[in-house]
Amino acid sequence: INDILDISKLEAGKVELEQQATRLELVIGTTLQFLGSKLQEKGLKVKWHCSNEIPEVIVTDPTRLRQVLFNLVGNAIKFTEVGMVTINAELVLSTRDYHTIKISVTDTGIGIPQEAQRRLFQKFTQADASTTRRFGGTGLGLAICRQLCTLLGGEIGVDSEEGRGSTFWFTFRCGEGNPEDIQEDQEYNAMTSVAGATAAIKLKIMVVDDNVINQRILANMLGKLGHDVSYVENGAQACSLNEKEDFDLILMDVHMPVLGGH
């Protein structure tokens, strides 16, 4: 449902970028942190590298950038049974006004036939009809990535050979920012510091956020600490659920559709 809503908003021109200062390492790191359990389940290794030529702080929409990366890395894990996933980020163009960065996600998975690659980024399409039955999915993820990459000032593509793995790559434009403008650093440090912790008291917590990635990262973190976590997408759903159940703590986003968290 979220994929369908995303593609509808993108096609209607209703998605606007929120330009923020961030670190590319932070975007990649939080993406891998959330997908870490899937990597461990399949016994896959992951390595990633950011070129030193990339500015320490970039200005872009980190949520949309993370959404593209989340889709590509998630697919790489889904279609790889043995081996590893490699992420590489490099600076491909630098001007006075902006930088263009290319991120490649390479896997050692099943690969994609040449004839199927041309339709991969179309809506409701996967490499073959059996893929949905075997692996699940809507076939919307890559179509959403293509439109998000266009919105971010770049493009997306794939290099693959059946049986020899795949490399999905995308580019995006960004500005250069200052470290003091970053809001996510403190959140990321908090995430890494609780990696091996356990809660002294188990709490019943509701996470209220319209961004699915934020929901799942928070639910994953709090769940690992031993808490009982529920999550909803807006304030109206939060009020309704709170009337039915008692919560010890509610974590609520401020700007949400239907009813915000003010």
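Residues numbered from 1 in each chain as written. Predicted model: local features only at pLDDT ≥ 70, side-chain atom pairs only at ≥ 80, totals over all residues. Heavy atoms only, no water.

(A) Broad picture of the pairing of strand 8 (residues 204-208). Taken across its five residues, strand 8 has four buried, putting it largely inside the fold. Of the pairings in the sheet, the one linking strand 8 to strand 9 (residues 228-232) comprises five bridges and is parallel in character. Bridge assignment links Val 207 to a residue of strand 9, and that residue is Tyr 231. Note on the crossover from strand 8 through helix 8 (residues 212-224) to strand 9: the handedness is right-handed. The pairing of strand 8 with strand 10 (residues 249-252) spans four bridges and is classified as parallel. (Buried < 20%, exposed > 50% of the residue type's maximum accessible area, 1.4 Å probe, protein only. Helix = DSSP H or I, 4+ residues; strand = E, 2+ residues; numbered from the N terminus. Pairing = 2+ DSSP bridges. Right-handed = clockwise from strand over helix to strand, strands pointing away.)

(B) Spotlight on the pattern of salt bridges. Counting across every chain of the model gives four salt bridges. A salt bridge links Glu 161 to Arg 164, with the shortest nitrogen-to-oxygen separation between them at 3.3 Å. With relative accessibility at 46%, the residue Glu 161 sits in the partly exposed group. (Salt bridge = Lys/Arg side-chain N within 4 Å of Asp/Glu carboxyl O.)

(C) Inspection of the environment of Glu 155 at higher detail. Of note, Glu 155 is situated in the loop between helix 6 (141-151) and strand 6 (156-160). Look at Glu 155 and you get partly exposed, because its relative accessible area is 47%. For the pair Glu 155 and Phe 172, spaced 17 residues apart in sequence, the C-alpha to C-alpha distance is 7.1 Å. Dropping the residues within four chain positions of it, Glu 155 is found in contact with Cys 149, Trp 169, Phe 170 and Thr 171. (Contact = heavy atoms within 4.5 Å.)

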